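# Architecture and fold: a report
Take a look at the letters that make up each chain.
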Amino acid sequence: FLTPDQIGDCLADTTIVISGDSISSEFYHNLIHYVPQCDKHLVWKPTYKGPTHVKRMKMEHPFGGINVRALEMNKRVIFVSDFNVAHLIWENQLRYLNAVTIPNIEQRWISILKSSEETEVQGIYYAGYPLYFEKYKHMTYDRMVIANSLLEAALKNLSFSVADTFTPLLSRPDASWDGNHFLQVLDKLGGASKMVTMMLLHQICLSR
């Protein structure tokens, strides 16, 4: 694993904007815990605000409404999001991925790129976790596979990279406290969730 100092050096000229729901928030909380000095480089923008419907999904900003120009004191801005994929499944709105969610992401991302001027902008899809136990209505393993596949295909066309959280957690149902979340040790930090966080940090820092 990279040390906290190595990660701090890697992110010295970088802002990471993390958006989405409780899944992508695990990356934020683990990173703050492991590298406290990164706090000034992180922006957490939760984008899930209760049950959605098609009209609201068209209106909501999938990246939290961040103004990239306000972040241009840094050379690089990285957007990390799960795009509320678990809640789309939970609310039985998987069918709206192609019709509403993905076009909204595409439109907003093009707008971000146009406004970024000289800042290096990157996008990372924080893939939805494997679902176990089927504890929540509509939330099944197969539906998450489909949702991840649709989002990954669309986002790669926008030059996003993918943080594959799904594969490393396939063999760890024991590490999830509710069949969906993996932030489950003391103070809800660490465990298998931290492993995924460290993998993403390697992806961010070693790709430069």
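All values reported here derive from a predicted model rather than from experimental measurement. In every chain, residue numbers begin from 1 and rise along the written sequence. Given that the model is predicted, a residue must reach a pLDDT of at least 70 before its local features are reported, and side-chain atom pairs must reach 80 or more before they are shown or counted; all residues, however, enter totals for whole chains, interfaces and linings. Working from all heavy atoms in the structure, the side-chain values ignore hydrogens and water.

### Brief notes about the state of the cysteines
- Throughout, disulfides are identified as pairs of cysteine sulfur atoms within 2.5 Å of each other. The final tally for this structure, using the stated rule, is one disulfide.
- Two residues share a disulfide in this structure: C10 and C205, whose sulfurs sit 2.3 Å from each other. Taking the torsion about the S-S bond as the criterion, the C10 to C205 disulfide, at about -100 degrees, is left-handed. Of this pair, C10 sits in helix α1 (residues 4-10) while C205 is found in helix α8 (residues 191-205), placing the two residues 195 residues apart along the sequence.
- Accessible area is worked out with a 1.4 Å probe on protein chains only. A residue is then buried under 20% of its type maximum, exposed over 50%, and partly exposed in between. Residue class for C205 comes out buried when judged on its relative accessible area of 12%.
- Cysteine C38 is unpaired, with the sulfur of C205 as its nearest cysteine sulfur at 8.2 Å. Only DSSP runs of H or I with at least four residues qualify as helices, and only runs of E with at least two residues qualify as strands; both kinds are numbered from the N terminus onward.

### Quick look at the nonpolar core
- Among the buried residues, those of types Ala, Val, Leu, Ile, Met, Phe, Trp, Tyr and Cys that are joined through side-chain atoms within 4.5 Å form a nonpolar core. Membership of the largest hydrophobic core comes to 60 residues, with the highest contact counts inside it found for I7, I16, F27, L31, V80, Y126 and I204.
- The biggest single contributor to this core is α8, with seven residues.
- Apart from residues no more than four positions distant in its own chain, I7 is found in contact with L2, L31, Y34, V35, C38, M198 and L201. By the convention used here, residues are in contact when the closest approach between their heavy atoms is within 4.5 Å.

### Overview of the packing of aromatic side chains
- Each Phe, Tyr or Trp ring, with Trp reduced to its six-membered ring, pairs with another whose centre is within 6.5 Å; inter-plane angles below 30 degrees give stacked pairs, above 60 give edge-to-face pairs, and intermediate values give tilted ones. Applying the stated rule across the entire model yields eight aromatic pairs.
- For the ring pair F83 and F160, a centre distance of 6.3 Å and an interplane angle of 55 degrees mean the geometry is tilted. A residue pair is termed long-range when its members are at least 10 positions apart, and F83 in the loop between β3 (76-81) and α4 (85-90) and F160 in the loop between α6 (141-156) and β5 (161-163) qualify at 77 residues. Like F83, the residue F160 is buried in the burial classification.

What is shown is where atoms sit, not what they do.
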